[in-house]
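# A closer look at the structure
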Amino acid sequence: MLSGCATVGGRPRTFADCTPLPKVLVDESRVIRTVAGLRPYRRPGFVVRRETLGQTALVHNYGHGGGGITLSWGSSKLAVEQGLPGHGGAVAVIGAGVMGLSTARLVQEAGFPVTIYAAALPPDTTSNIAGGQFHPFSVFDKDAASPEFMVQFIRALDYSWRRFQIMVGDDYGIRWLPTYVEAASPEAKVIPTFPPVNRVIARAEHPFPLDSVRRYDTMYVETGRYLRQMLRDVQIAGGRIEVRRFGTPTDIGALPEQLVFNCTGLGSRELFNDQDLHPARGQLAILEPQPEVRYAALGDFGYMFPRADGIILGGTFEVDEWDATPRAEDIARIIASHKRFFEGFRCSA
Ligand SMILES: Cc1cc2nc3c(=O)[nH]c(=O)nc-3n(C[C@H](O)[C@H](O)[C@H](O)COP(=O)(O)OP(=O)(O)OC[C@H]3O[C@@H](n4cnc5c(N)ncnc54)[C@H](O)[C@@H]3O)c2cc1C
């Protein structure tokens, strides 16, 4: 029997040992842009905590590493639960990345007027760079995270998981995709029970050149479109937006609002002298869109997320690298490893 599969009458023919999927066409000539961003990574995990700055109540909501898109709604929910009870009047949110925008929306949904103050707005935030997979990967180091943090983390993940589901659709650029993960990779082991639809599949169920593959279903966020829509949502609900950089906590304490949410991501390292917060650079090569590719894949070769605005190829997590520009040699490596992976398909549609 032949291995692999062939096209018969325009339809892919499947053989017993291989289920075809369309290949991503990986080649330098298909690269439409390259980007790099600095994830706000803390080994002990993100910070959601209330403190006071003179007369002002300040609630931190930063440091979500490689999972800030994923955790945005849930972490912001924890933050507003710490800030809003007992508060009256206007509210300030500092930061207009995914965390600031979701915090602002939750504050508005609770009936409070909000002003967002941010040094940069979408598309010029780290959140715009993100691949946009809903998965809490590289958010903390389990050896450094406290039991209290783990409770926050699970609550945040649970709320986000449900909140993103009710936003699926073209308006926010969110869709479900089957996701195939090399079962031996660390990515497959973050939380064995999450996402709920999650199992090791047989070799005959996939075309990948891998020994063991796990499949789960999760959501993917086209971050540019999502953040644009979230910014509009804040404005439609009457939110004000002011471009402003804060140099010290004292500047924040001088704001007229008596309740402030700090959603400055990596900016909190300098602003609040948080030395646990480190940049973790991620570099991406983006290929021309291929609408027929409707699955994601991750493993030692890197990761591939297909989006309407391009096929995202990634895979670096470089702690303490501060230069947010893509490096030609790293991009070449990302392209080469994905090329090998897709050219190794045992069959294709
Ligand atoms: C390559 C890459 C891939 C990623 N992939 C994923 C993924 O697939 N899934 C996922 O869940 N996450 C992913 N992430 C992680 C995610 O992007 C981050 O965790 C998230 O964007 C953090 O959001 P944020 O709102 O806290 O920070 P940011 O998006 O950085 O926003 C911070 C805001 O605060 C403002 N600010 C900062 N300092 C000051 C100051 N002093 N004064 C005033 N304003 C200030 C900034 O201007 C900005 O508006 C990825 C990240 C990278 C780089």
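A brief look at the structure comes next. Predicted, not measured: the structure shown is a model, and the values here were computed from it.

The rules behind each value
- Residues numbered from 1 in each chain as written.
- Predicted model: local features only at pLDDT ≥ 70, side-chain atom pairs only at ≥ 80, totals over all residues.
- Heavy atoms only, no water.
- Phe/Tyr/Trp six-rings, centres within 6.5 Å; stacked < 30°, edge-to-face > 60°.
- Helix = DSSP H or I, 4+ residues; strand = E, 2+ residues; numbered from the N terminus.
- Buried < 20%, exposed > 50% of the residue type's maximum accessible area, 1.4 Å probe, protein only.
- Contact = heavy atoms within 4.5 Å.
- Bend = angle between axes of the 7 residues up to and from the residue.
- Salt bridge = Lys/Arg side-chain N within 4 Å of Asp/Glu carboxyl O.
- Pairing = 2+ DSSP bridges.
- Axes fitted to C-alpha atoms, helices over the stretch in contact; angles between N-to-C directions.

## Observations concerning the packing of aromatic side chains
For the structure shown, the criterion picks out 22 aromatic pairs. Aromatic side chains phenylalanine 46 and phenylalanine 149 sit 4.9 Å apart centroid to centroid with 75° between the ring planes, which places their arrangement in the edge-to-face category. Of the two residues, phenylalanine 46 is situated in the loop between strand 3 (31–42) and strand 4 (47–53) and phenylalanine 149 in helix 4 (residues 147–165); the sequence distance between them amounts to 103 residues. A residue is classified by how much of its surface remains accessible, and phenylalanine 46, at 3% relative accessible area, is buried. When its relative accessible area of 5% is taken as the criterion, phenylalanine 149 is described as buried.

## Considering the environment of glycine 282
Within the fold, glycine 282 resides in strand 13 (residues 277–287). Residue glycine 282 is classed as buried on the basis of its relative accessible area of 6%. Considering only alpha carbons, one finds glycine 282 and alanine 36, 246 residues apart in sequence, at a separation of 5.5 Å. Each residue touching glycine 282, except ones within four places of it in the same chain, is listed here: Val35, Ala36, Gly37, Arg39 and Thr316.

## Observations regarding helix 1 (residues 68–83)
Considering bend angle alone, the principal kink of helix 1 is centred on glycine 74 and spans about 35°. With 13 of 16 residues buried, helix 1 lies mostly within the body of the structure.

## Some words on the pattern of salt bridges
All told, the structure shown has 21 salt bridges when counted by the stated rule. In this structure, aspartate 27 engages lysine 339 in a salt bridge whose closest nitrogen and oxygen atoms are separated by 3.2 Å. Taken together, the residues aspartate 27 in the loop between strand 2 (11–13) and strand 3 and lysine 339 in helix 8 (residues 328–343) connect sequence positions 312 residues apart. Taking relative accessible area as the criterion, aspartate 27 reaches 30% and is therefore assigned partly exposed.

## What about the sheet that holds strand 6 (residues 91–94)?
Pairing is mixed across the open sheet formed by 6 strands, whose spatial order is 4-5-12-6-7-11. Looking at which strands have only one partner, the edges of the open sheet turn out to be strand 4 and strand 11 (240–243). Taking the axes of each pair of neighbouring strands and ignoring which way they run, one obtains an average angle of 20° across the sheet. Helix 1 contacts strand 4, strand 5 (56–62) and strand 12 (259–262) of the sheet and is inclined by roughly 30° relative to strand 4.

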